[in-house]
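The residues making up each chain are set out below.
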Amino acid sequence: MHRDPFDWIDERQARLRTAGLVRTLRPRAADSDLVDLAGNDYLGLTRHPEVTEAAAEAARRWGAGATGSRLVTGTTELHARLEEELAAFCGFEAALVFSSGYTANLAAVTALSGPVGSGTLLVCDEGNHASLIDGCRLARAEKAVVRHAEPEAFAKALAAHDGRAIAVTDSVFSVDGDAAPLAALAGVCRESGAALLVDDAHGLGVLGDGGRGALHAAGLAGDADVVATVTLSKSLGAQGGAVLGPARVIEHLVSTARTFIFDTGLAPAAAGGALASLALLRREPDRAGRVRDVATELHRRVTEAGLVAVRPDAAVVSVRAPSPEAAVRWAADCRAAGLAVGCFRPPSVPDGVSRLRLTARADLTDSEVAAAADTIVRTAPTAA
Ligand code: PMP
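The rules behind the values
- Residues numbered from 1 in each chain as written.
- Predicted model: local features only at pLDDT ≥ 70, side-chain atom pairs only at ≥ 80, totals over all residues.
- Pairing = 2+ DSSP bridges.
- Helix = DSSP H or I, 4+ residues; strand = E, 2+ residues; numbered from the N terminus.
- Axes fitted to C-alpha atoms, helices over the stretch in contact; angles between N-to-C directions.
- Near = placed C-beta within 6 Å.
- Nonpolar A, V, L, I, M, F, W, Y, C, P; charged D, E, K, R; others polar.
- Domains from an automatic or database assignment.
- Contact = placed C-beta atoms within 7 Å.
- Buried ≥ 20, exposed ≤ 12 C-beta atoms within 10 Å, placed from the backbone.
- Right-handed = clockwise from strand over helix to strand, strands pointing away.
- Core = buried A, V, L, I, M, F, W, Y, C linked by C-beta atoms within 7 Å.
- Expected span 1.5 Å × (residues − 1).
- Left-handed = near helix turned anticlockwise from the far one by under 90°.

**Quick look at the sheet that holds strand β3 (residues 121-125)**
Next up, step 1: Reading across from one edge, β2-β8-β7-β6-β5-β3-β4 is the order of the seven strands in this open sheet, with mixed pairing throughout. What marks the edges here is a single partner per strand, and that holds for β2 (94-98) and β4 (142-146). Averaged over all adjacent pairs, the angle separating strand axes in this sheet is 20 degrees, with direction ignored.
Next up, step 2: Two elements, strand β7 (residues 226-231) and strand β8 (residues 241-245), share four bridges in a ladder whose sense is antiparallel. Across the sheet, the residue bridging to T231 is G241, located in β8.

**Structural notes on the site of the ligand**
Next up, step 1: Close contacts around the ligand come from 14 residues, with S100, G101, Y102, A201 and T231 the closest.
Next up, step 2: Take the shell around the ligand: its biggest share by element is three residues, from helix α4 (residues 101-112).
Next up, step 3: Considering only residue class, the shell around the ligand consists of two nonpolar, ten polar and two charged.

**Overview of the domain arrangement of the chain**
Frequently, the measure chosen for interface size is the accessible area removed from exposure when the parts meet.
Next up, step 1: Taken domain by domain, the chain comprises domain 1 (49-283) and domain 2 (285-378).
Next up, step 2: A straight line from the C-alpha centre of domain 1 to that of domain 2 covers 26 Å.
Next up, step 3: Across the contact, 17 residues belong to domain 1 and 16 residues belong to domain 2.
Next up, step 4: Taken together, the residues of the side of domain 1 that touches domain 2 sort by class into six nonpolar, eight polar and three charged.

**Points about the pairing of strand β6 (residues 195-199)**
Next up, step 1: Among the five residues that make up β6, four are buried, leaving the element largely enclosed by the rest of the structure.
Next up, step 2: Sheet analysis places strand β5 (residues 165-170) next to β6, joined by five bridges and oriented parallel. Opposite V168, over in β6, you have L197 as the bridge partner.
Next up, step 3: Each parallel crossover has a hand, and for β5 linked through helix α7 (residues 182-192) to β6 it is right-handed.
Next up, step 4: When β6 meets β7, the two strands line up parallel, connected through four bridges. Bridged to D199 within β7 is T229.

**Re the sheet that holds strand β10 (residues 339-344)**
Next up, step 1: Spatially, four strands are ordered β1-β10-β11-β9 in an open sheet, and the strand pairing comes out mixed. A strand with exactly one partner marks an edge of an open sheet, and here the two such strands are β1 (35-37) and β9 (316-320). Going across the sheet, the axis of each strand differs from the next one's by a mean of 30 degrees, ignoring polarity.
Next up, step 2: Examined bridge by bridge, β10 and strand β11 (residues 355-359) share three bridges and lie antiparallel to one another. In the strand pairing of β11, G342 is matched with R357.
Next up, step 3: Set on the sheet, helix α14 (residues 366-378) makes contact with β1, β9, β10 and β11; between it and β1 the angle comes to about 75 degrees.

**Looking at the nonpolar core**
Next up, step 1: In terms of nonpolar packing, the biggest core is built from 128 residues, with V123, A242 and V243 touching the most fellow members.
Next up, step 2: Per element, the largest residue contribution to this core is nine residues, and it comes from helix α11 (residues 268-283).
Next up, step 3: Split by domain, this core shows at least three residues from each of two domains, domain 1 (49-283) and domain 2 (285-378).
Next up, step 4: When neighbours within four sequence positions are excluded, V123 is seen to be in contact with A144, V146, F154, A157, L158, A165, A167 and V168.

**Some thoughts on α4**
Next up, step 1: For α4, spanning twelve residues, the distance from its first C-alpha to its last is 16 Å, which sits close to the expected 16 Å at 1.5 Å a residue.
Next up, step 2: Buried residues dominate α4, accounting for twelve of its twelve residues.
Next up, step 3: Among the residues of α4, those classed as buried are G101, Y102, T103, A104, N105, L106, A107, A108, V109, T110, A111 and L112.

**Describing the pairing of β11**
Next up, step 1: Most of β11 sits out of view: five of its five residues are buried.
Next up, step 2: Burial along β11 is two-sided: the residues R355, R357 and T359 and L356 and L358 are all buried.
Next up, step 3: Pairing of β9 with β11, which is carried by five bridges, proceeds in the antiparallel orientation. Counterpart to S318 in the pairing with β11 is R357.

**A short note on the packing of α4 against helix α5 (residues 130-138)**
Next up, step 1: Interaxial distance between α4 and α5 falls to 8 Å at its minimum, and their mutual angle equals 40 degrees. Considering how the two elements wind past one another, α4 and α5 form a crossing that is right-handed. Every residue of α5 that contacts α4 at G101, Y102, N105, L106, A108, V109 and T110 is listed here: S131, L132, D134, G135, C136 and L138.
Next up, step 2: Class assignment of the residues belonging to the contact of α4 with α5 gives a composition of seven nonpolar, five polar and one charged.

Right under this line is the structure:
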């Protein structure tokens, strides 16, 4: 008897459609004149001529792909330079680059959890990014999920555990754009002898002196018990990810992290592009401050008009929508008015509240920021 193995998918899609939660793909036009507050190109570097030229030159010199695992043929001098430069810029002893921030997070969480039987406890903020959550799912460790951004909740979970532990948190949370209390978390970790693992995907290029990241800003970069992960695909305008930390931790990852060993190395073009972006950040350190100012101004304008948004700690401004359908319609109305904004709906939002997600960009002029805020306010659903 033939049985349709995928009939449940039709039912699930129908349920999603009824709830207004079906996702569709829309190719982005290369020459679009939309003002883009939807992407993560915080510093406006992805199309910077120095960055695209460095990426193109890397591809011409090394090929369109890395050709193999970093451990076999996939390490070029660009990878080595990028690792040195990332570590130096962010203030860590060493760095290791991955093909994405996602795989960097999987690596950091699983490889630091130690061998089976080490009794490691992972204490995770409930607002952590999906890639940290997936790392925890893969890790052979005990897990505790604690209340969002509450050092006391971390302290309680750590106190209840006898053995090794790692506190795991985003530096800036992707949904609401709020920051983790890193200094307090580091204090809690120090008291209980735990390591601190921080995903600084939204902090690099935005927070800290010249964009050196949230850990640099908190005085924790280079700390012997602190490990950070970053992405190269947001502020650096390229693609890829990295783990930053003490040299012995990085050496351990090279030999044990499965998403490093069994994945093809980062494409040379991405490594070249990211290196050029880091050079620009060093030369033009004001970009980080500008993106924070743009976020603050967007927030000020939309909240003064009566919309509800969490005060941004970095580049992400998240504005509440009354329902998933209203969020989709609102984003479409913004698009029709020339503004691309992100639209977050369940299951990407843990609390079920849909949001428009605006990403501030350092390369927007004051009048573009004012016009963008005006479009958001003008198209807002009345019950927002
Ligand atoms: N962590 C956070 C907080 C993120 O927002 C993202 C990107 N959505 C990632 C990790 C994954 O990074 P990448 O896109 O480089 O895989």
